[in-house]
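# Observations on the model geometry
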Amino acid sequence: MEKDSKIYLAGHRGMVGAAIWRVLKKKGYSNLIGRTSKELDLRNQKAVFDFIKSEKPDVVIDAAARVGGILANNNYPFQFLMENMQIQNNLIDAAHKLDVKKFIFLGSSCIYPKLAPQPLKEEYLLTDSLEPTNEWYAIAKITGVKACQAIRKQFGKDFVSLMPTNLYGTHDNFDLETSHVLPAMIRKFHEAKENNNSAVTLWGSGTPMREFLFVDDMAASVVFALENELPEYLYNVGTGIDITIKELAETIQKKVGHTGEIVWDSSKPDGTPRKLMDITKMHDLGWKHQVELEEGIEKTYQWFLTNNDSFKQVKM
Ligand SMILES: NC(=O)c1ccc[n+]([C@@H]2O[C@H](COP(=O)([O-])OP(=O)(O)OC[C@H]3O[C@@H](n4cnc5c(N)ncnc54)[C@H](OP(=O)(O)O)[C@@H]3O)[C@@H](O)[C@H]2O)c1
Ligand SMILES: C[C@@H]1O[C@H](OP(=O)(O)OP(=O)(O)OC[C@H]2O[C@@H](n3cnc4c(=O)[nH]c(N)nc43)[C@H](O)[C@@H]2O)[C@@H](O)[C@H](O)[C@@H]1O
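Residues numbered from 1 in each chain as written. Chains lettered and ligands numbered in written order. Predicted model: local features only at pLDDT ≥ 70, side-chain atom pairs only at ≥ 80, totals over all residues. Heavy atoms only, no water.

For the record, the criterion: UniProt positions are given in the numbering used here, feature names are shortened, and annotations may be inferred rather than shown by experiment.
As recorded by an unreviewed UniProt entry, the chain carries the name GDP-L-fucose synthase and is attributed to Zunongwangia profunda. Looking at the chain in UniProt, the text filed under Pathway (unreviewed entry) is "Nucleotide-sugar biosynthesis; GDP-L-fucose biosynthesis via de novo pathway; GDP-L-fucose from GDP-alpha-D-mannose: step 2/2." What UniProt records for the chain under Catalytic activity (unreviewed entry) is the sentence "GDP-beta-L-fucose + NADP(+) = GDP-4-dehydro-alpha-D-rhamnose + NADPH + H(+)".

Below, the structure is given as structure tokens:
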């Protein structure tokens, strides 16, 4: 990829988008374009088509999506299904019709069946039923993967999908209703420590297992996909290591220095019992994560502490 290639990064101010932007700048890519959702609402088909037509990017990276944790997914099925399909359909269709050379689509590990064998191989897609708390989001993401695969198959274009495991890091969402578990735990333990080590309430049973990838590693995988023509349509991106939610809680509690009680609220859903990625394909091509979980948690906690008053709060 030429360093002056025109790259449109959709969702450039999100957690993942901001990290991709940083890596691209650092590597010398000089022709990056981004628009906020206020400047360009990606749900608007005509606006997206007109934008791609006038900007004529060589590459589109889709890191824009309606994103949230287990409760947000469960409570707002329509937004997670419809907005994600609108955003990605508008981008993929315009990119195809207007001859964008390369398209990188970001999905999620929840596209795989709830009870698929572990670790999750790419070929397990569409072999069984989805996890009910996030099937809406998963179905939208599956249609994005399939749209890119169809364009690849029918027209031979370099449209590729990366499926990240659970992500976390700087610029994360720390809103307690809509966030994912890791930022929620950082905020909950920190605020409870400040409040005389009051009890922290966490959701579900603590027994589900999750794999966590630091956002800078995710960004590096996207840049890897940008700089290499990947031979297949779908690639898992993760660390290949998972832990229980209870172990995650104990790790973050220790890091933050909270000494109070942990209470598990069983009225909240557990979600899928396990979703560990098989990352053999990306490893074979040469990409591997760099940041281990404890180091990533430390970086994220430090970011939270210095952005404590202004951290992003995503409302539905
Ligand atoms: N976070 C995770 O754990 C995780 C895990 C697996 C996969 N992913 C995937 O990674 C990608 C990025 O996620 P993220 O965590 O970075 O999410 P995020 O921080 O919530 O960022 C999402 C971005 O999408 C943009 N966006 C949303 N709706 C839009 C609209 N209607 N028009 C234009 N832009 C819109 C937002 O733009 P504004 O800021 O301008 O509003 C925001 O920058 C998504 O595809 C997501 O599915 C995330
Ligand atoms: C990566 C994303 O992951 C999402 O699934 P998923 O891993 O369960 O999403 P999380 O919201 O990260 O939750 C992971 C696990 O942590 C538990 N948990 C414990 N305490 C908390 C808390 O305070 N906040 C949150 N949020 N969870 C908590 C939660 O019940 C679940 O078992 C999907 O809904 C999306 O579609 C997407 O795939």
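Moving on from the model shown.
### Quick look at the site of ligand 2
Applicable threshold: Throughout this document, a residue counts as near a molecule or strand when at least one of its heavy atoms sits within 4 Å of that molecule or strand. Pairing of N or O atoms within 3.5 Å defines a polar contact, subject to two protein rules: one partner must be a possible hydrogen donor and the other a possible acceptor, and residues neighboring in sequence count only if both atoms are side-chain atoms. Residue burial considers only the protein chains on display, and all accessible areas are found by Shrake-Rupley using a 1.4 Å probe.
Around ligand 2 sit 22 residues in total, of which Ile70, Lys188, Arg210, Pro269 and Asp270 are the nearest. Asn134 places a side-chain nitrogen or oxygen 3.3 Å from an oxygen atom of ligand 2. One of the side-chain N or O atoms of Lys275 is found 3.1 Å from an oxygen atom in ligand 2. Within the complex, 98% of the 710 Å² of free accessible area of ligand 2 lies under protein.

### As for the UniProt feature "domain: NAD-dependent epimerase/dehydratase" (unreviewed entry) in the chain
Rules: Runs of E in the DSSP output that reach at least two residues are strands. Runs of H or I that reach at least four are helices, and both are numbered from the N terminus.
In the numbering adopted here, UniProt assigns the feature "domain: NAD-dependent epimerase/dehydratase" (unreviewed entry) to residues 7–238. Structurally, residues 7–238 comprises 42% helix and 17% strand, and the distance from its first C-alpha atom to its last is 24 Å.

### What about the nonpolar core?
We count it as follows: For our purposes a nonpolar core is just a set of buried Ala, Val, Leu, Ile, Met, Phe, Trp, Tyr and Cys residues, chained together by side-chain atoms within 4.5 Å. Classification of residues uses two cut-offs on accessible area relative to the type maximum, computed with a 1.4 Å probe and protein chains only: under 20% is buried, over 50% is exposed, and between them is partly exposed.
Counting residues in hydrophobic clusters, the biggest one holds 39 residues, and the most contacted among them are Tyr8, Leu42, Ile52, Leu91, Phe103 and Tyr112. For this core, the elements supplying multiple residues, two or more each, are strand S1 (7–10), helix H2 (45–55), helix H4 (77–97), strand S4 (102–106), helix H5 (135–155) and strand S5 (158–164). Counting 31 residues, the second-largest nonpolar core is a separate cluster that includes Ala19, Val59, Leu167 and Leu226.

### Here we look at the packing of aromatic side chains
To keep things clear, this is the line we draw: Think of it this way: a Phe, Tyr or Trp ring, Trp meaning its six-membered ring, pairs with another when their centres are within 6.5 Å, and the plane angle makes it stacked under 30 degrees, edge-to-face over 60, tilted otherwise.
One pass over the structure, following the stated rule, counts 8 aromatic pairs. Between Tyr301 and Phe304, the ring centres sit 6.5 Å apart and the planes meet at 15°, which makes this aromatic pair stacked. Taken together, the residues span about one helical turn, with Tyr301 and Phe304 both in helix H10 (residues 293–306) at a distance of 3 residues. The same class applies to Tyr301 and to Phe304, which are both buried.

### Some points on the UniProt feature "active site" (unreviewed entry) in the chain
Heads up, the condition is: Contacts between residues were defined by any pair of non-hydrogen atoms, one from each residue, lying within 4.5 Å.
What UniProt calls "active site" (unreviewed entry) maps, in this numbering, to Tyr137. With respect to the helices, strands and loops of the structure, Tyr137 is situated in helix H5. The class for Tyr137 is buried, based on a relative accessible area of 10%. Tyr137 has contacts with Arg66, Asn73, Phe80, Asn84, Ser108 and Cys110, leaving out every residue within four places of it along the chain.

### A word on the pattern of salt bridges
Stated formally: A pair is scored as a salt bridge if a Lys or Arg side-chain nitrogen falls within 4 Å of a carboxyl oxygen belonging to Asp or Glu.
Under the criterion given, the structure shown has 22 salt bridges. A salt bridge links Glu232 to Lys281; the shortest N-O distance between them is 2.7 Å. In this pair, Glu232 sits in the loop between helix H7 (215–227) and strand S9 (234–237) while Lys281 sits in helix H9 (residues 280–285), placing the two residues 49 residues apart along the sequence. Judged by its relative accessible area of 36%, Glu232 is partly exposed. Close ionic contact of Glu250 with Lys246 constitutes a salt bridge, the shortest N to O distance being 3.5 Å. With Glu250 and Lys246 both in helix H8 (residues 245–256), this residue pair falls 4 residues apart, about one helical turn. Taking relative accessible area as the criterion, Lys246 reaches 42% and is therefore assigned partly exposed. Put simply, Asp41, Arg43, Arg66 and Glu83 are held in one network by salt bridges that share partners.

### Re the pairing of S1
We apply this condition: Any two strands with at least two DSSP bridges between them are considered paired. Handedness rule for crossovers: strands pointing away from the viewer, path from the first strand over the helix to the second running clockwise, crossover right-handed.
The side-chain alternation of S1 yields two buried faces, one formed by Ile7 and Leu9 and the other by Tyr8 and Ala10. One ladder, built from 2 bridges, connects S1 with strand S2 (residues 32–33); its direction is parallel. Within S2, the position partnered with Tyr8 by the bridge is Ile33. Note that the unit made of S1, helix H1 (residues 15–26) and S2 has a crossover that is right-handed. Where S1 lies against strand S3 (residues 59–62), 4 bridges are found, and the strand directions are parallel. Paired with Ile7 across the strands is Val59, a residue of S3.

### A word on the packing of H1 against H7
Test applied: Interaxial angle, 0 to 180 degrees, is taken between N-to-C directions of lines fitted to C-alpha atoms, where a helix line uses only the stretch in contact. Any angle that is under 35 degrees is reported as roughly parallel, and any over 145 degrees as roughly antiparallel; angles of 65 to 115 degrees are reported as roughly perpendicular and all others as oblique. Handedness of a helix crossing follows the sense of rotation of the near helix relative to the far helix, less than a right angle counterclockwise being left-handed and clockwise being right-handed. In this count, Pro and Cys sit with the nonpolar residues alongside Ala, Val, Leu, Ile, Met, Phe, Trp and Tyr, while Asp, Glu, Lys and Arg are called charged and the others, Gly among them, polar.
At their nearest, the axes of H1 and H7 sit 8 Å apart, and the two run at 60° to each other. Here H1 lies oblique to H7, going by the angle between them. Between H1 and H7 lies a crossing of right-handed hand. Counted together, Met15, Val16, Ala19, Ile20, Arg22, Val23 and Leu24 of H1 and Val215, Asp216, Met218, Ala219, Val222, Val223 and Leu226 of H7 form the full contact between these two elements. Across the contact of H1 with H7, the residue classes tally to 12 nonpolar, no polar and 2 charged.

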